[in-house]
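# Residue-level structure breakdown
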Amino acid sequence: QVQLVESGGDLVQPGGSLRLSCAASGFTFSRQYMSWYRQASGKERELVAGITSGGITNYADSVKGRFTISRDNAKKTLYLQMSSLKPEDTAVYYCKSNYAWGQGTQVTVSS
């Protein structure tokens, strides 16, 4: 069965860093376009970053220069390295493939 499991969400102070992970199973991970979305309370879910099977990346303007998406095909894991975090980054972060969404992991940026 297709499954995506996020981890790494936490409470962090503004300016801090955090790395999210997404463990994939049930499909050929290396062939899939993968992405991270986020949804803040009361807001629509939005694309944060995406990465092709070949490693080409794209980012939302709001996170460009601060976040880095990457993948380890051998480990079937997607990552989102977040730095210079702002309170506006507070949201539930979701991993997405062509087949499924993960359950989400909470990131809270607050002092």
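A brief structural summary. Please read these numbers as outputs of a predicted model, since none were measured by experiment. (Residues numbered from 1 in each chain as written. Predicted model: local features only at pLDDT ≥ 70, side-chain atom pairs only at ≥ 80, totals over all residues. Heavy atoms only, no water.)

Along its length, the protein chain carries zero helices and ten strands. Sequence-ordered secondary structure for the protein chain, helices as α and strands as β, is β-β-β-β-β-β-β-β-β-β. For 111 residues, the compact-globule formula gives about 13 Å, and the C-alpha radius of gyration of the protein chain, at 13 Å, lands near that figure. For the protein chain, buried positions account for 41% of its 111 residues. In the protein chain, of all internal contacts separated by at least 6 residues, the share reaching a separation of at least 24 is 53%. Put simply, the protein chain shows about 5900 Å² of open surface, and 45% of that area lies on carbon and sulfur atoms. Here the protein chain carries 12 positive and 8 negative side-chain charges, and the mean point of each set is 7 Å from the other. (Helix = DSSP H or I, 4+ residues; strand = E, 2+ residues; numbered from the N terminus. Rg over C-alpha atoms; globule rule 2.2 N^0.38 Å. Buried < 20%, exposed > 50% of the residue type's maximum accessible area, 1.4 Å probe, protein only. Contact = heavy atoms within 4.5 Å. Areas by Shrake-Rupley, 256 points an atom, 1.4 Å probe, with all protein chains shown as cover. Lys, Arg positive; Asp, Glu negative; His and termini not counted. Charge placed at Lys NZ, Arg CZ, Asp CG, Glu CD.)

What follows deals with the sheet that holds strand β1 (residues 3-7). Strand pairing in a sheet relies on backbone hydrogen bonds. The paired strands run either parallel or antiparallel. Spatially, the four strands line up as an open sheet ordered β1-β3-β8-β7, and their pairing is antiparallel. Two strands close off the open sheet at either side, each with one partner strand: β1 and β7 (67-72). Neighbour-to-neighbour, the strand axes of the sheet open up by a mean angle of 15 degrees, direction not taken into account. Across five bridges, the pairing between β1 and strand β3 (residues 18-25) is antiparallel. Bridging from a neighbouring strand, Ser7 pairs with Ser21 of β3. (Pairing = 2+ DSSP bridges. Axes fitted to C-alpha atoms, helices over the stretch in contact; angles between N-to-C directions.)

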